[in-house]
Amino acid sequence: MKRLSVLLLVSVASISGLAVMAYADPVDDTLTIDDREMIIRAKAPKGHPFDEVLSGWLFRESETRATEADSFANPGMLAVERGEELWNTVDGSMGKSCSSCHNDASATMKDVGAHFPKWDAKARKPVNIEMKINDCRTERMGAEPYKFDAEEQVALTTYIKHQSLGTPVQIDLSEGEMQSWWEKGKELYYTRTGQLDFSCASCHEKSMGKFIRADHLSQGQVNGFPTYRFNTAGMVSLHNRFRGCIRDTRAEMPKAFSDELMALEVYVTWRGTGLSVETPAVRQ
Amino acid sequence: MKRFLTCVAVPAFLCSQAAAVEIAPDAVKIDEMKVSQSLTGATGNAEEGAKVLANRGLGNCLACHVVTPLAKEQFHGNVAPALDGVADRWSEAELRAIVVDAKRVFSEETVMPAFYSLDVGINVRKDLAGKTILTAQQVEDVVAYLTTLKGSN
């Protein structure tokens, strides 16, 4: 209850903070969460259009940044708690929970989220945490797969990603056909869509650091997902964010977990190589 | 419909004025960064143009441009140069060309959308396919407003 009132105060403060647009550059600041310093600036991998990759945290208002830095105030931590509950809940015909096979997530899932998406030899494509969860549910629990953006899917993904808090993002492109998915993702990143004719690069590369209306454009990094958003007072999954950005170009949106969005996830995740996982990050 | 009937009924040379038909998006000619003819055959309304420019569902020009005379509107972006004094830098015909299709004026690389062109991105939302962002009338209204942006106003 106490937490709830703190949350309300914080969210009101951050909404009114939107009216202030005194700066246009990413801030010069450090981020420490649970006594651990996050890597929020990293040298870009070879072949990257930028010299330095920057966490989206650096582009947010001070209230939003402060909320993320304080796990007690971060509303996204409620999703982590909910995810932990689901981790230990038996579901499906085989009478199992995630913990029946994986035991204590803080040990077995430590750093795992920092290395997804991963090549899946059986599916012959890259999979993300959400797909991996559904795979376990159908194959090993005899449970229904979660529907895209089901509250449980987002909470469990948040919980698993949170076990990598602070760990640098690093995906393995040498596995299977990851490299060709990366290429496909890169092509999509630079393809202009919709009536407004924007590509991802129009906003997150060419206009990075600028304001589009009241929004301070970041590099569009994925290291904080799922994120908590004040605007909608809830968690936002990565494919939800991708779809939202594509919708804003006035284009038809690809389906969540479609080949297009998986290729994009592989490529955009690579663009954030070296940044700490910040899940659950806080955004306005 | 009424206008069309009038035209059939009278000799073509008498009709041309009344029938001044809109120039369709794919018929607009951009020569040397200029569209000299009004898309509607008439001068636009600057006051309406200011509304189209600010409206998020129409021009939404403030998403990217600062326009100081419209300071009462919230949140002007800075993706692009301020439009203050833009009529000192560009003629009316050039401003029309920029609004019609900035790619054919600046370069393919520009992030500014083409407001009166069908040469846009892929997978356009179904209900918008074949439609331009602004109508010919709205383009003319915006151009009329832009031509008022002179000096340090």
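Residues numbered from 1 in each chain as written. Chains lettered and ligands numbered in written order. Predicted model: local features only at pLDDT ≥ 70, side-chain atom pairs only at ≥ 80, totals over all residues. Heavy atoms only, no water.

1. Structural notes on the domain arrangement of chain A
Residue and element names in this part refer to chain A.
Working step 1: In terms of domain boundaries, chain A breaks down into domain 1 (24-74 + 167-283) and domain 2 (76-162).
Working step 2: Here the C-alpha centroids of domain 1 and domain 2 sit 22 Å apart.
Working step 3: Contacts between domain 1 and domain 2 engage 30 residues on the former and 27 residues on the latter.
Working step 4: In this assembly, domain 1 packs against domain 2 so that about 2,400 Å² is buried in total across both faces, 64% of it on carbon and sulfur atoms. (Domains from an automatic or database assignment. Contact = heavy atoms within 4.5 Å. Buried area = accessible area lost by both parts, 1.4 Å probe.)

2. Describing empty space enclosed by the protein
Residue and element names in this part refer to chain A.
Working step 1: For the structure shown, the criterion picks out 5 cavities of 30 Å³ or more.
Working step 2: Taken together, 14 residues make up the lining of the largest cavity; nearest its centre are Gly113, Phe116, Lys161, Val222 and Thr269.
Working step 3: Grouping the amino acids of the lining of the largest cavity by side-chain chemistry returns 8 nonpolar, 4 polar and 2 charged.
Working step 4: Viewed by domain, the lining of the largest cavity spans two of them, domain 1 (24-74 + 167-283) and domain 2 (76-162), each represented by three or more residues.
Working step 5: Size it by volume and the second largest cavity reaches roughly 60 Å³.
Working step 6: For the second largest cavity, the full set of lining residues is Asn128, Glu130, Thr157, Lys161, Phe225, Pro226, Ser237, Leu238 and Glu265. (1 Å grid on protein atoms, 1.4 Å probe; cavity = no way out; pocket = protein on both sides within 12 Å on 5 of 7 lines; lining within 4 Å. Points joined across faces, edges and corners; volume = space filled by probe spheres on them. Nonpolar A, V, L, I, M, F, W, Y, C, P; charged D, E, K, R; others polar.)

3. A few points about the pattern of salt bridges
Working step 1: Summed over the entire model, instances satisfying the criterion amount to 17 salt bridges over all chains.
Working step 2: In this structure, Asp91 of chain A engages Arg137 of chain A in a salt bridge whose closest nitrogen and oxygen atoms are separated by 2.9 Å. Taken together, the positions of Asp91 of chain A in the loop between helix H3 (76-87) and helix H4 (98-102) and Arg137 of chain A in helix H6 (residues 129-141) put the pair 46 residues apart, joining distant regions of the chain.
Working step 3: Asp91 of chain A sits in the partly exposed class, given a relative accessible area of 32%.
Working step 4: Classification of Arg137 of chain A as buried rests on a relative accessible area of 7%.
Working step 5: Here Glu140 of chain B ties to Arg96 of chain B by a salt bridge, and the two come within 2.9 Å at their closest N and O atoms. Here the residue Glu140 of chain B occupies a position in helix H6 (residues 136-146), and Arg96 of chain B occupies one in helix H5 (residues 92-100), the gap between them amounting to 44 residues. Like Glu140 of chain B, the residue Arg96 of chain B is buried in the burial classification.
Working step 6: Taken together, the shared-partner salt bridges in this structure form one network comprising Arg82, Glu85 and Glu151 of chain A. (Salt bridge = Lys/Arg side-chain N within 4 Å of Asp/Glu carboxyl O. Helix = DSSP H or I, 4+ residues; strand = E, 2+ residues; numbered from the N terminus. Buried < 20%, exposed > 50% of the residue type's maximum accessible area, 1.4 Å probe, protein only.)

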